[in-house]
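Residues per chain, in single letters:
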Amino acid sequence: MSKKIILLALAIITVATVFAGCTQKTNTEQTEATQVNIGTYYQIPQDEAKRIMDEESDYIIVDAREQSEYDEGHIKGAIVIPYTEIEQKAEEMLPDKEQLILVYCRSGRRSKIAAQSLANMGYTNVKEFGGIIDWQYGIEK
């Protein structure tokens, strides 16, 4: 009986440890530590994406929406690759699989799919930052 209690206690501790390690930080924090490793790409807050755009130079911004949405307004310097076409167009449009790639869409759903697709294709420096509906730093048409 005591072995069963010990095994049960170990199982509870293991499950609690796993769940404690899976918590995410809020999008309002601004440091590198706020990056949430999804396993194959990083999800970062929009202020971190803006900092990268302002301070770094070797990156590509991918808008994962449709061309018509992009034409209505997009983040300056972004290229459009609809998430449904990312697997067909990525190698041609994004030849360096180690280059920093910032991915967004309208609300964050399609950008997560696109970021995961890129990671599955072997891209190693993909950062997803949600949707343009929350972008507070201006857009261009």
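Here the structure is a predicted model, which means the values were calculated and not measured.

**Observations regarding the environment of W135**
Working step 1: Note on placement: W135 falls in the segment after strand 6 (126-131).
Working step 2: It is 9.8 Å that separates the C-alpha atoms of W135 and S107, two residues lying 28 residues apart in sequence.
Working step 3: Excluding residues within four positions of it along the chain, W135 makes contact with Q46, A49, K50, M53, I75 and F129.
Working step 4: At 3.0 Å, the side chain of W135 and the backbone oxygen of G138 are in polar contact.

**Considering the packing of helix 4 (residues 86-93) against helix 5 (residues 109-120)**
When two helices pack together, their arrangement is captured by the angle between the axes and the distance separating the axes.
Working step 1: Between helix 4 and helix 5, the shortest axis-to-axis distance is 10 Å and the interhelical angle comes to 60°. When the interaxial angle is binned, helix 4 and helix 5 end up oblique. Judged by the sense of rotation from one axis to the other, the crossing of helix 4 with helix 5 is right-handed. Between helix 4, through I86, E87 and A90, and helix 5, the contact on the second element is made entirely by A114, S117 and L118.
Working step 2: Taken together, the residues of the contact of helix 4 with helix 5 break down into 4 nonpolar, 1 polar and 1 charged.

**Considerations on the pattern of salt bridges**
One side chain can pair with another of opposite charge once the charged atoms of both are near each other.
Working step 1: All told, the structure shown has 9 salt bridges when counted by the stated rule.
Working step 2: With a shortest N-O distance of 3.0 Å, D54 and K50 are connected by a salt bridge. Here D54 pairs with K50, and both are found in helix 2 (residues 46-55), just 4 residues apart, close to one helical turn.
Working step 3: Accessibility expressed as a relative area gives 52% for D54, which makes it exposed.
Working step 4: Of the residues examined, K50 reaches a relative accessible area of 22% and is grouped as partly exposed.
Working step 5: A salt bridge links D63 to R65; the nearest nitrogen and oxygen atoms lie 2.8 Å apart. As far as the burial class goes, D63 and R65 line up, both buried.
Working step 6: Ionic contacts of the salt-bridge type, sharing partners, join the residues E48, R51, E55 and E56 into one network.

**Re helix 5**
Working step 1: The end-to-end C-alpha separation of helix 5 is 17 Å, in line with the 16 Å expected for 12 residues at 1.5 Å each.
Working step 2: Along helix 5, the residues classified as buried are R110, S111, A114, A115, S117, L118 and A119.
Working step 3: Residues of helix 5 that are buried sit in contact with helix 3 (67-72), helix 4, strand 5 (100-105) and strand 6.
Working step 4: Looking one or two places after helix 5, you find G122, whose phi comes out positive at around 100°.

Thresholds, definitions, all that
Residues numbered from 1 in each chain as written. Predicted model: local features only at pLDDT ≥ 70, side-chain atom pairs only at ≥ 80, totals over all residues. Heavy atoms only, no water. Helix = DSSP H or I, 4+ residues; strand = E, 2+ residues; numbered from the N terminus. Contact = heavy atoms within 4.5 Å. Polar contact = N/O pair within 3.5 Å; in protein donor to acceptor, adjacent residues only side chain to side chain. Axes fitted to C-alpha atoms, helices over the stretch in contact; angles between N-to-C directions. Parallel < 35°, antiparallel > 145°, perpendicular 65-115°, else oblique. Left-handed = near helix turned anticlockwise from the far one by under 90°. Nonpolar A, V, L, I, M, F, W, Y, C, P; charged D, E, K, R; others polar. Salt bridge = Lys/Arg side-chain N within 4 Å of Asp/Glu carboxyl O. Buried < 20%, exposed > 50% of the residue type's maximum accessible area, 1.4 Å probe, protein only. Expected span 1.5 Å × (residues − 1).

Everything listed is a geometric property; what it means functionally is a separate question.
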